[in-house]
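What follows is each chain in one-letter form.
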Amino acid sequence: FDSSIRGSSGAVIQGPKFRVVPMKGLARPYGLVFLPDGDMLITERAGKLRWVHKGVLDPEPIAGIPPVLDRSLRGLNDLVLHPNFAQNRLLYFTYYKPVPDSAEEAVATLARARWDGGHTLADVKDIFSAGVRVGGPSAARMVFGRDNKLYLAIGIPIPNRSRNMALATPKDAQDPSSYYGKILRLN
C-alpha cells in the first residue's frame, strides 16, 4: 500500500509504503506491540493476550492476565514493552479490574508482568489503580517516553444509568483529585 498524498499545492508527498495483512482468529483486538524479533503481542478486550509468532497467530492465548470486566470499551486495553524489554522481559498492560459486588463496575488498573517467550506470564502485579469505579465506557492507553517514564492516559468515563453516586463521571476530568480524564507520568 502506498500512503502518498497530495499536498495543498497539488504536489504528491511520498509516504511510507506498507502492507496490510488480514489476520483471522482475533476477537476485538485492542493493543499491539512489536517484539525485538519482529513477532507481535496483541491484547483482546475480553482478557486474552495473543502472540503472533513468525506471522502466524498462536492459537493458545498467553496465560496470566487477571480477570477483566469486558463491557462498554472496558476490558483488557493497552500493552507496552519496558524500554529494556530485551534484557528484563517486562511488559505493562492496562485493564479494567472487576469489583466483587458489581457486574457492571470496574477500576482502571495498570499491571506489570514478565514474559519469557512462552505461554505464561510470570510475576503479574498491579502497580497502579485509579481507585474510583467506573460504570460506563472508559479506556486506558500508555507509552514510554524518551525519559523512560511511563505515560498513562485514562479516559473520562461516560456515565451509565447506575444510581451509584460514587462512580467516576466526566466531571472527574476537571477534578485534580481524580485520575480519570488525565495523562499521568509514572516513575
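Residues numbered from 1 in each chain as written. Predicted model: local features only at pLDDT ≥ 70, side-chain atom pairs only at ≥ 80, totals over all residues. Heavy atoms only, no water.

### Topic: the sheet that holds strand E11 (residues 140–144)
Turning to step 1, where the next piece is worked out: Here three strands make up an open sheet; going across it, the order is E11-E12-E13 and the pairing antiparallel. This sheet does not close on itself; its edge strands, each paired only once, are E11 and strand E13 (182–186). With strand direction ignored, the average angle separating the axes of adjacent strands in the sheet is 20°. (Pairing = 2+ DSSP bridges. Helix = DSSP H or I, 4+ residues; strand = E, 2+ residues; numbered from the N terminus. Axes fitted to C-alpha atoms, helices over the stretch in contact; angles between N-to-C directions.)

### Details of the nonpolar core
Turning to step 1, where the next piece is worked out: Tyr92, Leu152 and Ile154 are the most contacted members of the largest nonpolar core, which totals 21 residues.
Turning to step 2, where the next piece is worked out: Secondary-structure elements contributing two or more residues to this core are strand E8 (90–98), strand E9 (106–115), E11 and strand E12 (150–154).
Turning to step 3, where the next piece is worked out: The greatest single-element share of this core, amounting to four residues, is contributed by E9.
Turning to step 4, where the next piece is worked out: When neighbours within four sequence positions are excluded, tyrosine 92 is seen to be in contact with Asp78, Leu79, Val80, His82, Leu110, Ala111, Arg112, Ile127, Met142, Phe144 and Leu150. (Core = buried A, V, L, I, M, F, W, Y, C linked by side-chain atoms within 4.5 Å. Buried < 20%, exposed > 50% of the residue type's maximum accessible area, 1.4 Å probe, protein only. Contact = heavy atoms within 4.5 Å.)

### Notes on unusual backbone geometry
Turning to step 1, where the next piece is worked out: The backbone of arginine 28 sits at a positive phi, close to 50°, despite the residue not being glycine.
Turning to step 2, where the next piece is worked out: Residue arginine 28 is classed as partly exposed on the basis of its relative accessible area, which comes to 43%.
Turning to step 3, where the next piece is worked out: Although it is not a glycine, asparagine 148 sits at a positive phi angle of roughly 65°.
Turning to step 4, where the next piece is worked out: Structurally, asparagine 148 is set in the loop between E11 and E12.

### Structural notes on the pattern of salt bridges
Turning to step 1, where the next piece is worked out: Counting across every chain of the model gives seven salt bridges.
Turning to step 2, where the next piece is worked out: The residue aspartate 70 makes a salt bridge to arginine 45 at a minimum N-O spacing of 3.8 Å. In this pair, aspartate 70 is assigned in the loop between strand E6 (56–57) and strand E7 (76–81) and arginine 45 in the loop between strand E4 (40–44) and strand E5 (48–53), connecting sequence segments 25 residues apart.
Turning to step 3, where the next piece is worked out: Judged by relative accessible area, aspartate 70 falls into the partly exposed class, the value being 23%.
Turning to step 4, where the next piece is worked out: Where salt bridges share partners, they join Arg28, Arg45 and Asp70 into one cluster. (Salt bridge = Lys/Arg side-chain N within 4 Å of Asp/Glu carboxyl O.)

### Quick word on the sheet that holds strand E3 (residues 29–34)
Turning to step 1, where the next piece is worked out: The four strands lie next to each other as E3-E4-E5-E6, forming an open sheet whose pairing is antiparallel. The strands lining the two open edges of the sheet, one partner per strand, are E3 and E6.

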